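So you can see what is in the structure, the chains are spelled out below.
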Amino acid sequence: MNSARPQTSDFTLEEYFAKDVQTNLHLFSMHVRHVKGTWFFPSHEHFQYEINYLIEGCQEFTINGNTYNQQAGDLLLIQPGEVHFNRSGNEKEFTYFCLHFQIDDGQLLPVLNGSNQTYYPCDSPMTSKVLPHLNRLIEFSKKNVSLQVSDRMFMLSELFQLFGTIADELTSEKERQIDPKMNEQLAFLIAEKIENLVKNTHIHGPVDEDRIGIDDIAAELGISPAYCNRIFKKRYQISPRQYLSSLMLQKAKHLLMQKELSIDHVAELIGYRELAHFSRQFKRWTGASPACYRKSITD
């Protein structure tokens, strides 16, 4: 006689989930180039993002008709499709580091595409923060032999840290430009999105606080999770996650009052696929199991 296979939730006391992450990176080229003062690269465009960092000398870089006199230590972020050309800024030798990449990432792309700033001087916050990553990538670029597997993984790790640092600084720049009067409107919008998320849990699946898309809401609004948390808490005196929990608890209590609904069905409507998980969470919220709570309000 075959016995039923036990559910994972029968043994799990606590668990944390990292959401499904998919990122497709294509690094087309990454190189260090030392050139003569007469060198130039003719006007062109491409569908990759380009990062250009001047190591030594002076470079004149024109992008969409705007000319930047790039000095040693200055950084340029070039969007796909932007027409650009570069040459020596003083007819002397110069050295630069350049990388071309495409990345398919649902959270990173809106941040990259939402920026209208191209030129970052050597003393800018952006350049200061990315410089350690750039220096390590420059060292990888100088290796003349094929990279070993470990080196290749370390190089990719450095690239992703670079992208993360750029995204963080671009988001911070955008936040610094936001009119303070807009913060309250943003807080209301965040609350509305959380309310809709809880309202539609039975459609979108589990949204308990271990899996909730607060980060996704922040990304959709073009702000960082930290900024999202800060402006929301200033307006409502609780964090977005605490607001989420209060709404989910309110919804759970309302559904448990409806005797015709089984507790399994209530768990499903709240967004839990497993009753045991819902029961544990409800007990954390109230100190009582869903069954005990229902009994206390119906007796």
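Heads up: the structure comes first, above all this text.
Q: How would you summarise the layout of surface pockets if you had to cite specific residues and measurements?
A: Considering only enclosed or pocket space, the largest pocket measures out at about 420 Å³ in volume. If you trace the largest pocket, you find 19 residues lining it, with Asp 105, Gln 107, Leu 108, Val 111 and Ala 167 closest to the centre. Those elements giving two or more residues to the lining of the largest pocket turn out to be helix 1 (108–113), helix 3 (149–177) and helix 6 (214–221). If you tally residues by element for the lining of the largest pocket, the top one is helix 3, at six residues. Of the residues that constitute the lining of the largest pocket, the class distribution is ten nonpolar, six polar and three charged.

Q: I'd like to hear about the packing of helix 8 (residues 240–256) against helix 9 (residues 263–270), residue by residue, with values.
A: Between helix 8 and helix 9, whose axes approach to 10 Å, the crossing angle comes to 150°. Classified by the interaxial angle, the pair formed by helix 8 and helix 9 is roughly antiparallel. Here helix 8 and helix 9 pass one another in a crossing that is right-handed. Here Met 248, Lys 251, Ala 252, Leu 255 and Leu 256 of helix 8 lie close against helix 9, whose contacting residues are Ile 263, Val 266, Leu 269 and Ile 270. When the residues that make up the contact of helix 8 with helix 9 are grouped by side-chain class, the tally is eight nonpolar, no polar and one charged.

Q: Quick rundown of the packing of aromatic side chains? Include the residues and the values.
A: Scanning the model with the defined rule gives 16 aromatic pairs in all. Where Phe 188 meets Tyr 236, the ring centres are 6.3 Å apart and the plane angle is 85°; that geometry is what we call edge-to-face. Pair noted here: Phe 188 is in helix 4 (residues 180–199) and Tyr 236 is in helix 7 (residues 225–236), with a separation of 48 residues, a long-range link. Overall, Phe 188 belongs to the partly exposed group, its relative accessible area being 39%. Among the aromatic residues, ring-to-ring pairing joins Trp 39, Phe 41, Phe 94 and Tyr 96 into one connected group. For the cation-ring pair, Arg 235 lies above Tyr 236, with the distance from its terminal atom to the ring centre recorded as 5.1 Å.

Q: With reference to specific residues and values, describe the side chain of Gln 70.
A: By secondary structure assignment, the location of Gln 70 is in strand 5 (residues 66–71). Within the structure, the side chain of Gln 70 is placed 3.0 Å from the backbone oxygen of Asp 74, a separation counted as a polar contact. Excluding anything up to four places from it in sequence, Gln 70 contacts Asn 52, Tyr 53, Leu 54, Gly 57, Cys 58, Gln 59, Phe 61, Leu 75, Leu 76 and Tyr 119.

Q: Could you give an account of the sheet that holds strand 1 (residues 24–35), with specific residues and numbers?
A: Read from one edge to the other, the open sheet built from five strands follows the order 1-8-3-6-9, with strand pairing classed as antiparallel. In this open sheet, the two edge strands, each paired with only one partner strand, are strand 1 and strand 9 (119–120). Bridge analysis of strand 3 (residues 49–56) against strand 8 (residues 94–104) gives seven bridges, and the strand direction is antiparallel. Opposite Leu 54, over in strand 8, you have Tyr 96 as the bridge partner. Its contacts with the sheet place helix 3 against strand 1, strand 3, strand 6 (75–78), strand 8 and strand 9, and it is angled at close to 95° to strand 1.

Q: Summarise the pairing of strand 5; cite the residues concerned and give the values.
A: In the sheet, strand 4 (residues 58–63) pairs with strand 5 via six bridges, with the strands oriented antiparallel. If you follow Gln 59 over to strand 5, its bridge partner there is Gln 70. What sits between strand 4 and strand 5 in their antiparallel hairpin is a turn of two residues, with Asn 64 showing a positive phi close to 50°.

Rules used in this analysis
- Residues numbered from 1 in each chain as written.
- Predicted model: local features only at pLDDT ≥ 70, side-chain atom pairs only at ≥ 80, totals over all residues.
- Heavy atoms only, no water.
- 1 Å grid on protein atoms, 1.4 Å probe; cavity = no way out; pocket = protein on both sides within 12 Å on 5 of 7 lines; lining within 4 Å.
- Points joined across faces, edges and corners; volume = space filled by probe spheres on them.
- Helix = DSSP H or I, 4+ residues; strand = E, 2+ residues; numbered from the N terminus.
- Nonpolar A, V, L, I, M, F, W, Y, C, P; charged D, E, K, R; others polar.
- Axes fitted to C-alpha atoms, helices over the stretch in contact; angles between N-to-C directions.
- Parallel < 35°, antiparallel > 145°, perpendicular 65-115°, else oblique.
- Left-handed = near helix turned anticlockwise from the far one by under 90°.
- Contact = heavy atoms within 4.5 Å.
- Phe/Tyr/Trp six-rings, centres within 6.5 Å; stacked < 30°, edge-to-face > 60°.
- Buried < 20%, exposed > 50% of the residue type's maximum accessible area, 1.4 Å probe, protein only.
- Lys NZ or Arg CZ within 6 Å of the ring centre and 35° of its normal.
- Polar contact = N/O pair within 3.5 Å; in protein donor to acceptor, adjacent residues only side chain to side chain.
- Pairing = 2+ DSSP bridges.

Bear in mind that shape data such as this cannot, by itself, settle questions of function.
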